[in-house]
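# Structural description and commentary
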Amino acid sequence: MPKFEINVNKEKRSVNIDPSTPLLWVLRDELNLTGTKFGCGRGLCGSCTIHVNGVERRSCQTPIDSLEEDDQITTIEGLSDSGDHPVQKAWVTHDVPQCGYCQSGQIMTASAFLERNNNPDDSDIDSAMKMNICRCGTYQRIKKAIHTASKEIRNEK
């Protein structure tokens, strides 16, 4: 099997794996980073969202051979060293999770979105988050948390 060198959460990692293997399974099965969840396997639900070079990407639809060696991959485990990213803190403040299954994907999408737009209105948030499904329906808490995180991010800059 081919060997791939990837940068995950600021750490260089090596895996010997089939080139068509989705990054989701590399992260979960090979690197034991299980915060990234399998949802639909088709890139439609958002549970598997990670960042590649700061941009959200569906890891279930990202074959490992599509990555460049210098790409920076960030999972929920690597979003912050101590779980204190503004989005993570806002999620706690607003008690967003119900079952919690989709939340790592929600957080990863929201954090990448807020890097591009740190002063969103409701319409911006709806548009950015529309491809992340929460079966428990916590969308209003998600929206409130994103507004709270955006205020903290603006105050940090």
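Being a predicted model, the structure only gives us computed values, none of them experimental. (Residues numbered from 1 in each chain as written. Predicted model: local features only at pLDDT ≥ 70, side-chain atom pairs only at ≥ 80, totals over all residues. Heavy atoms only, no water.)

Below, the discussion takes up the overall build of the chain. Assigned secondary structure in the chain consists of five helices and five strands. Across the chain, helices and strands are ordered from the amino to the carboxyl terminus as β-β-α-β-β-β-α-α-α-α. Whereas a compact globule of 157 residues would reach a radius of gyration of roughly 15 Å, the chain reaches 15 Å, a difference of no more than 12%. Dimensions of the chain, computed from C-alpha atoms along their principal axes, come out at roughly 45 × 35 × 25 Å. A buried classification covers 45% of the 157 residues belonging to the chain. (Helix = DSSP H or I, 4+ residues; strand = E, 2+ residues; numbered from the N terminus. Rg over C-alpha atoms; globule rule 2.2 N^0.38 Å. Buried < 20%, exposed > 50% of the residue type's maximum accessible area, 1.4 Å probe, protein only.)

Scanning the entire structure with this criterion turns up one aromatic pair. When the ring of Trp 25 is compared with that of Phe 38, the centres are 5.4 Å apart and the planes differ by 35 degrees; the resulting orientation is tilted. One end of the pair, Trp 25, is in helix H1 (residues 23–30); the other, Phe 38, is in the loop between H1 and strand S3 (49–52), and 13 residues separate them in sequence. Take Trp 25: its relative accessible area is 30%, and that puts it in the partly exposed class. Residue classification places Phe 38 among the partly exposed residues on the basis of a relative accessible area of 35%. (Phe/Tyr/Trp six-rings, centres within 6.5 Å; stacked < 30°, edge-to-face > 60°.)

This part covers the environment of Pro 22. Tracing the backbone through its elements, the reader meets Pro 22 in the loop between strand S2 (11–16) and H1. On the basis of relative accessibility, which here comes to 22%, the residue Pro 22 falls in the partly exposed class. Distance from Pro 22 to Asp 124, taken between C-alpha atoms, is 30 Å for residues 102 residues apart in sequence. Setting aside anything within four residues of it in sequence, one finds Pro 22 in contact with Ser 59, Cys 60, Thr 62 and Pro 63. (Contact = heavy atoms within 4.5 Å.)

Our focus in this paragraph is the pattern of salt bridges. Oppositely charged side chains can pair when the atoms bearing their charge come close. For the coordinates displayed, the defined rule picks out six salt bridges. The closest approach of N and O atoms between Glu 11 and Arg 13, which form a salt bridge, is 3.9 Å. (Salt bridge = Lys/Arg side-chain N within 4 Å of Asp/Glu carboxyl O.)

Turning to helix H2 (residues 86–93), its buried residues number three or more, namely Pro 86, Val 87, Gln 88, Ala 90 and Trp 91. Check the buried side of H2 and you find it contacts helix H3 (103–116) and helix H5 (139–156). Backbone geometry just after H2 places Asp 95 at a positive phi near 50 degrees.

Let us now look at the pairing of strand S4 (residues 55–58). Look at any regular strand and the pattern is simple: side chains alternate between the two faces of the sheet. Relative to S4, S3 is paired through four bridges, and the arrangement is antiparallel. Within the sheet, the bridge partner assigned to Ile 50 lies in S4 and is Arg 57. Between S3 and the antiparallel strand that follows it, S4, lie two residues; Asn 53 among them carries a positive phi value of about 55 degrees. (Pairing = 2+ DSSP bridges.)

Attention now goes to unusual backbone geometry. In this structure, Lys 10 takes a positive phi of about 70 degrees despite not being glycine. Inspection of the secondary structure puts Lys 10 in the loop between strand S1 (3–8) and S2. Its identity is not glycine, yet Asp 95 carries a phi of approximately 50 degrees, on the positive side. Locating Asp 95 in the fold gives a position in the loop between H2 and H3. Take Asp 95: its relative accessible area is 55%, and that puts it in the exposed class.

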